[in-house]
Amino acid sequence: MNQLALSDEILMQVEKPARYIGNEVNSVIKDKAKTAVRFAMCFPDVYEIGMSHLGIQILYSMLNEWEDVWCERVYSPWVDLDAIMRRESIPLFGLESQEPVRDMDFLGITIQYEMCYTNILQVLELSQIPLLSEDRGEDMPIVIGGGPCTYNPEPIAAFFDLFYIGEGETQYRPLFDWYLENRSQGGTRQDFLRGAAKIPGIYVPQFYEELYNEDGTIRGRRKRYDDIPDVILKEIATDVTAIPYPMKPVVPFIKVTQDRVTLEIQRGCIRGCRFCQAGQLYRPVRERDVDQLKEYAVEMLKNTGHEEISLSSLSSSDYSRLDELLDFLIAECGQRHTNISLPSLRIDSVSLDVMGKVQDVKKSSLTFAPEAGSQRLRDVINKGLTEDDILRGATLAFQGGWTRVKLYFMLGLPTETEEDILGIGDLSNKIAAAFFEAVPKDKRVNGKVQIVTSTSFFIPKPFTPFQWAPMCTKEEFLDKAHLTKQGIMSQLNQKSIKYNWHEADVSVLEGVLARGDRRIAKVIKKAYEKGCMFDSWSEYFHNDLWLDSFKECGVDIGFYTTRERADDEIFPWDFLDCGVTREFLLREWKKAREGTVSPNCKAQCQGCGANRFGCGICYDKDGARG
Amino acid sequence: MKVRIRFAKYGVMKFIGHLDTMRFFQKALRRAEIDVKYSEGFSPHQIMSFAAPLGVGIESFGEYMDIELCSMTSPEDMKRSLNQVMVEGLEILSVTILPDHAKNAMASVAAASYRLHMKEGAFPVEDLCGKIRAFYEQEAIFYTKETKKSVIELDLKQGIYEINSDTDGSVRMLVNASSSGNIKPSMVFEKFCQFAGVEIPAPAYQVVRLETYTDLAGEGEAHRFVPLAEVG
Ligand code: SF4
Ligand code: SF4
């Protein structure tokens, strides 16, 4: 058995030592003498979160299929171990080999949310790799960033040697081949990066420079070499049925967030809600073959022994073969004593019927995400869910025995008025009233219905129609939350409604990081040096340290958040191309302000530009034209 | 039909806690496609019973669990297919069919034997053998156990059935492991260190459970310890 990187003494001191020992079922051990490329795949958050991420499992399995590559996993050591590793200068290690990340060829970091940026620095520092790309010597791993946040990589560009833009299935092999070729030729790190910059989807930030106007906006970009691209187009798996799938996902010893088999049924979403980044980034929708999914489900349950399976997609109800797949899973899982955890489905009699079969109706709750309190504002954000839909769904559910409903809204959306905010209370109340109407008194379990209404604060994201929109200040956010609360308190059924709201500080920070440019990097570094880490964990989020860092670096938060961008402003992320065109997004931004909705891809193509990939919904015969 | 499974847990697996070990086996039984019996109800679970929980950091070659089956081919087959889905550090040692009337593993546990050895080198105790004998010859061995709620004075002596040192320089003991009188080997060893006037911090030595026993003696008879696997 492998020597562990940490001593027994340390492992007995820290919470959940199982986070650091590897050895899980289906983890991959290789003979390092026979692998040419050592790859550390990192999710910069604690093990339980990182282990639950499907993307890493997909890449881990794909990379390890290649004989000459050994891919290992790395997560953020939790604060207890972090302190010990710093004190004793123990280098961060890969879980499989227990060897230092520093000695590997690549460190790939998946960047799923902005609030993990300081943890990227934690991982680099614990690995004893210089934080800044420019300070890394020949013997240091190549640090790669991937994942949704790389669609605006500029705030963290200084920390990465290269970014992989788009879906991981396509370009890792060419990248490794070039790496090996360069190494065998005795090429340098710079030589490798030069060549990598010409591989599709690969962005090498140090070869580009951001130029500014006097008012602080971006004037343009300058590249260091003529032969590297001006614009980098995202990579996409055009045939999702042909790409590898992790049939043997790693099974953790400890309970993680997603302790189950995850079946990805499709990529992308047809809906185009205007606040939603995922809805634009992963266009066009590509469905997986239902028969293949059935096979995968059975085999993955067998290979893991998990007692639960869940479907993964942005909007499962839109999967055309959903009924067939669910019927199959219900039959198969019943035999195997396996549970099905259903993603949030559009609530109608069919889905309620399915849910009734797989969930304990009394214990489970239904989820609706109207996102805005009035029909007007729902039209602005292009959320195609009407009050009638919700009330009809809720009534059916109440008749079916459900007594708990969760509602999700956003505050601070463009054009929002007081009336829209008060609409949140109204709608919550109407749902409660629907319960009392639908369920006669003698049939009410405990006589009660429970509505949980939650609001988050709207954060404009790159590559959405709202990328031009101003964001609220913290004070405005809190006023809105207050008004929401008052609105709810004034309702007849207020006792049945519980209201939660998200923290405002962290939303403002996320707003800066999401639409920031290269000038933000020094703020992130400073905040990290002051001790910020695990910012997505509210008990470790130190807003004061962040505010100090902005002040010390002379960076104005409002410039990035509350400012409305002109139609023709150059954005930090404009050099990336995610498939949808800027013209389309601008068109949608204008329609939003007029309150005009856009049909979804299935109903009518909106000419977003993603048809250029030549796949998916854009070419489905029963879908839209290209 | 009920079977009793004896397994070993060692190496890095000693860091996996009791509940996670149970979870591991639940999944392993599914991977091996063992025809386990499930409980009734909305979320059915496998019917299994573990003998004596093992503390984190301790290795063992005498762990037990009982499971109820709907069917099986043979104990050998089951052992083989389970071993195919284990990880390094967890190993199935035997599978025995239990008679229908057998008490479950947890209720059967009476004692457990342990070996303690230094992770590096030997115990820094001169005349280990003699010191242990002298230690055990004391009339009583009082141990103060502090819990969040109370401080209890225990006499360990009554629960130590045997203690001696081995030719390989390790310390061995057979102690009470029943749910009512369980004695942790580290408690005994701590008292011994005090007695011998040495300080040996817990991380410096390794505790290994060797076997778990049940007691076949009738009321009022002298203990008759037999390994849990030999029942049935
Ligand atoms: S339904 Fe709307 S919010 Fe959900 S993924 Fe699709 S576009 Fe985004
Ligand atoms: S090109 Fe049309 S069908 Fe294709 S993703 Fe864009 S809007 Fe949808």
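Residues numbered from 1 in each chain as written. Chains lettered and ligands numbered in written order. Predicted model: local features only at pLDDT ≥ 70, side-chain atom pairs only at ≥ 80, totals over all residues. Heavy atoms only, no water.

(A) Representation of the sheet that holds strand E2 (residues 69-75) of chain A. Residue and element names in this part refer to chain A. On the basis of which strands lie adjacent, the open sheet formed by six strands has the order E2-E1-E3-E4-E5-E6 and mixed pairing. Whereas interior strands pair on both sides, the edge strands pair on one side only; in this sheet they are E2 and strand E6 (202-203). With two bridges connecting them, strand E5 (residues 162-164) and E6 associate as antiparallel partners. The residue bridging Phe163 from the neighbouring strand is Tyr203, located in E6. (Pairing = 2+ DSSP bridges. Helix = DSSP H or I, 4+ residues; strand = E, 2+ residues; numbered from the N terminus.)

(B) Seen up close, the domain arrangement of chain A. All names here are of chain A. Partitioning chain A into structural domains gives domain 1 (8-23 + 37-233) and domain 2 (260-361). Each of domain 1 and domain 2 has a C-alpha centre, and the two are 31 Å apart. Every contact between the two is made by six residues of domain 1 and, on the other side, eight residues of domain 2. When domain 1 packs against domain 2, close to 640 Å² is buried across both sides, 49% of that on carbon and sulfur atoms. Linking domain 1 to domain 2 there are three salt bridges. Across the pair Arg267 and Glu169 runs a salt bridge whose closest N-O atoms are separated by 2.7 Å. (Domains from an automatic or database assignment. Contact = heavy atoms within 4.5 Å. Buried area = accessible area lost by both parts, 1.4 Å probe. Salt bridge = Lys/Arg side-chain N within 4 Å of Asp/Glu carboxyl O.)

(C) Up close: the environment of Ala217 of chain B. Residue and element names in this part refer to chain B. Among the secondary structure elements, Ala217 is positioned in the loop between strand E10 (205-215) and strand E11 (225-227). For Ala217, a relative accessible area of 19% puts it in the buried group. Apart from the residues within four sequence positions on either side, Ala217 is in contact with Ala222, His223 and Arg224. (Buried < 20%, exposed > 50% of the residue type's maximum accessible area, 1.4 Å probe, protein only.)

(D) Summary view of the interface of chain A and chain B. Taken together, the contact between chain A and chain B spans 30 residues of the former and 26 residues of the latter. Taken together, both faces of the contact between chain A and chain B bury some 2,500 Å²; the carbon and sulfur share is 60%. Taken together, the connections running from chain A to chain B amount to six salt bridges. Seen at the junction of chain A and chain B, the total is 14 residue pairs in polar contact (both at pLDDT 80 or more). For the side of chain A that touches chain B, the secondary-structure elements that each account for two or more residues are helix H1 (8-13) and helix H9 (290-304) of chain A. For the side of chain A that touches chain B, the leading source of residues is H1 of chain A, giving four residues. Tallied by class, residues from the side of chain A that touches chain B come to 13 nonpolar, eight polar and nine charged. (Polar contact = N/O pair within 3.5 Å; in protein donor to acceptor, adjacent residues only side chain to side chain. Nonpolar A, V, L, I, M, F, W, Y, C, P; charged D, E, K, R; others polar.)

(E) Just the nonpolar core, in detail. Formed by 167 residues in total, the largest nonpolar core has its most connected members in Leu63, Leu107, Ile111, Tyr172, Phe192 and Phe466 of chain A together with Leu82 of chain B. Non-local contacts of Phe466 of chain A, meaning those with residues more than four positions away in its chain, are made with Arg274, Phe275, Val380, Ile381, Leu413, Pro414, Phe458, Pro460, Arg515, Trp589 and Ala592 of chain A. (Core = buried A, V, L, I, M, F, W, Y, C linked by side-chain atoms within 4.5 Å.)

(F) Spotlight on the site of ligand 2. Close to ligand 2 lie Arg283, Pro284, Cys601, Cys605, Gln606, Gly607, Cys608, Ala610, Asn611 and Cys618 of chain A. A breakdown of the residues in the shell around ligand 2 according to their chemical character gives six nonpolar, three polar and one charged. (Near = heavy atom within 4 Å.)

(G) Seen up close, the layout of surface pockets. Here the second largest pocket defines a volume of roughly 850 Å³. Lining the second largest pocket are 31 residues, with Glu307, Glu308, Thr338 and Asn339 of chain A together with Ser43 of chain B sitting closest to its centre. When residues of the lining of the second largest pocket are traced back to their parent elements, those giving at least two are helix H10 (322-336), strand E14 (339-341) and helix H11 (349-358) of chain A together with helix H1 (18-31) of chain B. Ranked by residues supplied to the lining of the second largest pocket, first place goes to H1 of chain B with four residues. Split into classes, the residues belonging to the lining of the second largest pocket amount to nine nonpolar, 11 polar and 11 charged. (1 Å grid on protein atoms, 1.4 Å probe; cavity = no way out; pocket = protein on both sides within 12 Å on 5 of 7 lines; lining within 4 Å. Points joined across faces, edges and corners; volume = space filled by probe spheres on them.)

(H) Representation of the site of ligand 1. Taken together, the residues surrounding ligand 1 are Cys269, Arg271, Gly272, Cys273, Phe275, Cys276, Gly279, Leu314 and Lys383 of chain A. Within the shell around ligand 1, the residues separate by chemical class into five nonpolar, two polar and two charged.

(I) Looking closely at the domain arrangement of chain B. Residues and elements named next belong to chain B. Once the domains are mapped, chain B shows domain 1 (2-107) and domain 2 (109-230). Taking only C-alpha atoms, the centre of domain 1 and the centre of domain 2 are 26 Å apart. Domain 1 puts 20 residues into the contact, and the matching count from domain 2 is 12 residues. Across the domain 1 to domain 2 interface the summed buried area is about 1,300 Å²; carbon plus sulfur atoms make up 48%. For the pair domain 1 and domain 2, the interface holds two salt bridges. The salt bridge partner of Glu211 is Arg6, with a shortest N-O separation of 3.3 Å. At the boundary of domain 1 with domain 2, the tally comes to 15 residue pairs in polar contact (both at pLDDT 80 or more). Counting only elements with at least two residues in the side of domain 1 that touches domain 2, the list comes to strand E1 (2-9), strand E3 (59-68), strand E4 (90-98) and helix H3 (105-108). With six residues, the top contributor of residues to the side of domain 1 that touches domain 2 is E3. Partitioned by chemical class, the residues of the side of domain 1 that touches domain 2 number 10 nonpolar, five polar and five charged.

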